[in-house]
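An overview of the molecular structure
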Amino acid sequence: MKRKPFVPFKLPLSEDVVNQMRFLRELIEANKAMVEYQTMLRHSKLHPRFLLRPIMLKEAVQSTKIEGTQVTLDEVMETEAQSRKANSDVREALNYYEALVAGMNALKEISISTRLFKQLHRILLSNDVRGSHRSPGEFRRVQNFLGPEGCTIETAAYIPPEPHLVNEYMSNLEKYIHEPNDDYDELVRVAIIHAQFETIHPFLDGNGRIGRILIPLYLYSKGVIDYPNFFVSDVLERDKHKYYRYLNDTRYKGDWTQWIQFFLQCVHLQAKQNVRLIQKVNDLYEEDLEKASALVNSHNIRTVVNVMFQHPIFTANMMAELTGLPEATVRRYLNRFEEQQLIFSDGRMRSKTYYYYNLLDQLR
């Protein structure tokens, strides 16, 4: 018997679909952890914008890993620092980062919408990466299916809705984002929104990554977080088979409660992980700013250290451009830092690349 494409619920979900009592404890813990994370950011010694970039790059690496791309944070940062041509895996991660940045900036002018999804998708599949020929920036017009490599539609784990229904379901999702008409907490809503986006699977490729970009953008747009810098891909990547299974159970078993409970656990774990990271980075910033100031007596040192926290892999030329200082001055500072092992280099005579391992070790 031929398998048919799935026909999803439309949002909002009816009250009998979700048992809120089953995840009440997880919801309380997730919200407490999110408040703690936001409080830590607001009182951080280091301005959140200085840490935003490396955390976003880490998210780009983790989210593309879920899709099977093999790339490290160091490789992505080295490619940027050395201004060299990115290989396909690095380019995928950089595209994800650029889509994140574009989404963050776009929210100043437009709301989360079909227009925004298509704009981000176009960026995600640009620069000849895997899937770049699969209608970037356009909803699919053909049937797709999900499953292990080599599977057919008959053996697929999931068959999304028929293509002629995509616009209808995406319009319903967009309406829910702006007019939810239910009494759920925003963390529960974003779990529902992410799952529904993945269920619709509106694009031929890149749906997982766009769906994960949607999480921080939604929370930011609703004022749950001050910056669009809360990412769950790190936690999801560790449990990716559970992640896929629970998403599928919302479809074929109607088990939304299990999925929401799992998502809230991920939010809690990620928020606590972020709190620990911010605390360690704060301590590191204070400690290494003091070391750097003792090594070089200049009021410019704070500016140099701030750039190191945004770009922990860098060149002298890059540092000069970002600080506005003369390159000869920058090289003098960096030589002193390297002598005292505050930073390390690859040892090249020309176009030397520097590594601020104290921060990289915290981010990895």
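Residues numbered from 1 in each chain as written. Predicted model: local features only at pLDDT ≥ 70, side-chain atom pairs only at ≥ 80, totals over all residues. Heavy atoms only, no water.

Per an unreviewed UniProt entry, the protein goes by the name Cell division protein Fic and belongs to Geobacillus thermopakistaniensis.

**Observations regarding the environment of T353**
With respect to the helices and strands, the residue T353 is situated in strand β3 (residues 353–355). The exposure class assigned to T353 is buried, which follows from its relative accessible area of 0%. Here the alpha-carbon distance between T353 and I193, two residues 160 residues apart in the chain, equals 42 Å. Among all residues touching T353, those that are not within four sequence positions of it are Q82, I313, F314, T315, F344, S345 and D346. A distance of 3.0 Å separates polar atoms of two side chains, one belonging to T353 and the other to Q82. (Helix = DSSP H or I, 4+ residues; strand = E, 2+ residues; numbered from the N terminus. Buried < 20%, exposed > 50% of the residue type's maximum accessible area, 1.4 Å probe, protein only. Contact = heavy atoms within 4.5 Å. Polar contact = N/O pair within 3.5 Å; in protein donor to acceptor, adjacent residues only side chain to side chain.)

**Things to note about the packing of helix α2 (residues 48–66) against helix α12 (residues 301–310)**
Relative orientation of the contacting elements α2 and α12 amounts to 35°, with a least axis distance of 7 Å. Between α2, through R49, F50, R53 and P54, and α12, the contact on the second element is made entirely by N306, F309 and Q310. Split by residue class, the contact of α2 with α12 holds three nonpolar, two polar and two charged. (Axes fitted to C-alpha atoms, helices over the stretch in contact; angles between N-to-C directions. Nonpolar A, V, L, I, M, F, W, Y, C, P; charged D, E, K, R; others polar.)

**Some words on the UniProt feature "domain: Fido" (unreviewed entry) in the protein**
The UniProt entry lists residues 112–265 under the feature "domain: Fido" (unreviewed entry), expressed in the numbering used here. Summarising residues 112–265: 54% helix, 0% strand, and an end-to-end C-alpha distance of 25 Å. (UniProt positions renumbered as here; feature names shortened; annotations may be inferred.)

**Section: the domain arrangement of the protein**
Split by domain assignment, the protein resolves into domain 1 (20–276) and domain 2 (296–363). The straight-line distance from the C-alpha centre of domain 1 to that of domain 2 is 33 Å. At the junction of the two partners, domain 1 supplies twelve residues and domain 2 supplies 13 residues. Summed over both sides, the interface of domain 1 with domain 2 buries roughly 1300 Å², with 64% coming from carbon and sulfur. For the pair domain 1 and domain 2, the interface holds zero salt bridges. Where domain 1 packs against domain 2, one counts five residue pairs in polar contact (both at pLDDT 80 or more). (Domains from an automatic or database assignment. Buried area = accessible area lost by both parts, 1.4 Å probe. Salt bridge = Lys/Arg side-chain N within 4 Å of Asp/Glu carboxyl O.)

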